[in-house]
Amino acid sequence: MKTRKILSLILKSLLLILGVIIVAVIIRTVTFPDAQPYFEKCKVSDSDFIPLNDVRLQHFRTAIQIPTVCTSIDNCNFTAILQLHDHIQESFPLIHSSNFIQRILFANYTLLYRVEGTNSTLPPYMLVSHLDVVPAKAAEWQVDPFSATVKEGYIFGRGTLDVKQTLFGMMEALEFRLAKGQRPIRTFYMAMGHDEEVSGLRGAKAVANYFSSRGITLDFISDEGMVVADGILPGMQTPVALIGIAEKGMATFEFSVSVTPGHASMPAGETSIGILSKAMVSLEQNPHENFFGKGPERLLLEYVVNKMTLPHRVLMANLWLFGPLIARAFALKPNTNAIIRTTTALTMFNAGVKWNVISSTAKAVVNHRIHPLQSVADVLKIDKKIIQDDRVKVKILSAYEPSPISPTDSDGYRILHQSIYQIFEVPVAPALFIASSDSKHFVKLSKNIYRFAPSFLNSAELKGIHGNNEKIKIKNYEQTINFYYHLMINAEKSANLKSAFDKGHQDL
Ligand SMILES: CCCCCCCC/C=C\CCCCCCCC(=O)NCC(=O)O
Ligand SMILES: [Zn+2]
Ligand SMILES: [Zn+2]
């Protein structure tokens, strides 16, 4: 009798706790603060539009047809890069004949344009793109990667998304303004590195030195980065534009094992290949810490929670309860996994000289993209701990710390947000940029660095970047040109933008 009473009391208590949790979850979901109350109101009416006519389309296609491939800092197709310089010069005659636009060359191949505005009291800003592309394996593509084939509403080709579309987008926008007789009011720069894909150590680094040696700082910098993600963010029915407010760090480590070589007929114990393979499998099977809820993705979720479909909205609004569950779910998909932890990618493996010789050495290269809550030193320490084998030596081939986090309440952020909304009419949210850009060399020039390319992409299209069949929708290229056009105009009225944002856009 007594036991029954105790059990009933426990049951009642559990039901009460469950009731309280359910009520707390409901209250939190319905009262979740809207971190972005303005995005539905911020569209401005602007009749200006730059159509993608045949001439502009041909400018872009020719740029794609020039194979500006870089595979290492010393191994770029420098002839093609110079050919691209010529093509840029021929395509934009007004830019190249303006007496207020200066073209500066760095390390023979990187370009910087300085557009002097009429109002020298406004602080300058910079748009960043790059000239080089990664290689493409033609045999694995549906079309020649350097043919710029127009097919099924797309332009195919290496560089259509990474990132000749921003290069030509910003130049077309400026040329259009000049043709309309609009001299920019605010000074701005356009940097076009020639070696972004292989470090930026000659191009962007030289541009950064140019600014620092002259004591020039920039109000904001807009570089390649995140995109308008269509069907990628779990629980979002609409596409969402993600502005990279921070960039992951990067570390490339070479692991090696050396043993005494010998005849394959008399193997003695473990080989260099066996030891290194075991170490690499350990790295792959032991991912670094999952930081879900502690990094910039938290801000992203806060911006979009109220736009999510119901089951996701309840889960995301109640991270206090469902955080561990969501952390696991995010870890399952490469896109979401990349924003919650330092990733580990085994990218090269070399060993052996002949089939009947026990190799004296084996080498492997691992590329980490470092979460903002870790450092290069942390990653190295963790890797050594995972491998736990002193026979495996490590050498740092290159390393960059994660960038500082840029604010979401700066003029630069508002200018990007506004321009994105004008073109795409989708929610805009801050995020962590999961790859690397030339802006890592510019961190001392501005506190406000934003990484965003106006590419409207679903998961399949995203795979084309550095992969096969890279392609941009023709309409999206037109949007890209118009995005930069609006960005330039919005940058000139940023003071008005701030007061409009403060008032919830009622005045725009
Ligand atoms: C809940 C979060 C969802 C995350 C969605 C991820 C969407 C990914 C968006 C953009 C990633 C595109 C990266 C392409 C940039 C290319 C830059 C580059 O190649 N840099 C060199 C390098 O990183 O090696
Ligand atoms: Zn790029
Ligand atoms: Zn790239």
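Residues numbered from 1 in each chain as written. Chains lettered and ligands numbered in written order. Predicted model: local features only at pLDDT ≥ 70, side-chain atom pairs only at ≥ 80, totals over all residues. Heavy atoms only, no water.

The name that an unreviewed UniProt entry assigns to the protein is Peptidase M20 dimerisation domain-containing protein, with the source organism given as Trichoplax adhaerens.

A. Structural context of the coordination of the zinc ion (ligand 2). Ligation of the zinc ion (ligand 2) by protein atoms is provided by H130 (NE2), D162 (OD), E224 (OE) and E224 (OE), these donors lying 1.9 to 2.6 Å from the ion. Donor residues binding the zinc ion (ligand 2) come from one chain and are separated in sequence as H-x31-D-x61-E. A separation of 3.5 Å is found between the zinc ion (ligand 2) and the zinc ion (ligand 3), which share D162 as a coordinating residue. Remark: E224 occurs in strand β9 (residues 221–229) and H130 occurs in strand β5 (residues 125–130); sequence separation between them is 94 residues. According to the relative accessible area criterion, H130 is buried, its value standing at 1%. (Donors = N, O, S within 2.8 Å, 3.2 Å for Na, K, Ca; no water. Helix = DSSP H or I, 4+ residues; strand = E, 2+ residues; numbered from the N terminus. Buried < 20%, exposed > 50% of the residue type's maximum accessible area, 1.4 Å probe, protein only.)

B. Quick peek at the sheet that holds strand β19 (residues 471–473). Spatially, the 3 strands line up as an open sheet ordered β6-β7-β19, and their pairing is antiparallel. Bordering the open sheet on either side are β6 (150–151) and β19, each of which pairs with just one other strand. Taken together, the 3 bridges between strand β7 (residues 154–156) and β19 define a ladder with antiparallel strand orientation. Bridge pairing in β19 places I155 opposite I472. Together, β6, β7 and β19 form the strand contacts of helix α15 (residues 474–492), whose direction differs from that of β19 by roughly 75°. (Pairing = 2+ DSSP bridges. Contact = heavy atoms within 4.5 Å. Axes fitted to C-alpha atoms, helices over the stretch in contact; angles between N-to-C directions.)

C. Spatial organisation of the site of ligand 1. Ligand 1 sits among 20 residues. The nearest are L233, I339, R369, S436 and H466. In the model, an oxygen atom of ligand 1 is placed 2.7 Å from a nitrogen or oxygen of the R369 side chain. A distance of 2.8 Å separates an oxygen atom of ligand 1 from a polar side-chain atom of H466. Taken by itself ligand 1 offers 660 Å² of open surface, and the protein chains cover 92% of this. Looking at side-chain class alone, the shell around ligand 1 contains 11 nonpolar, 4 polar and 5 charged residues. Residue-level mapping places the shell around ligand 1 at the junction of two domains, with at least three residues from each of domain 1 (54–246 + 403–501) and domain 2 (249–400). (Near = heavy atom within 4 Å. Polar contact = N/O pair within 3.5 Å; in protein donor to acceptor, adjacent residues only side chain to side chain. Areas by Shrake-Rupley, 256 points an atom, 1.4 Å probe, with all protein chains shown as cover. Nonpolar A, V, L, I, M, F, W, Y, C, P; charged D, E, K, R; others polar. Domains from an automatic or database assignment.)

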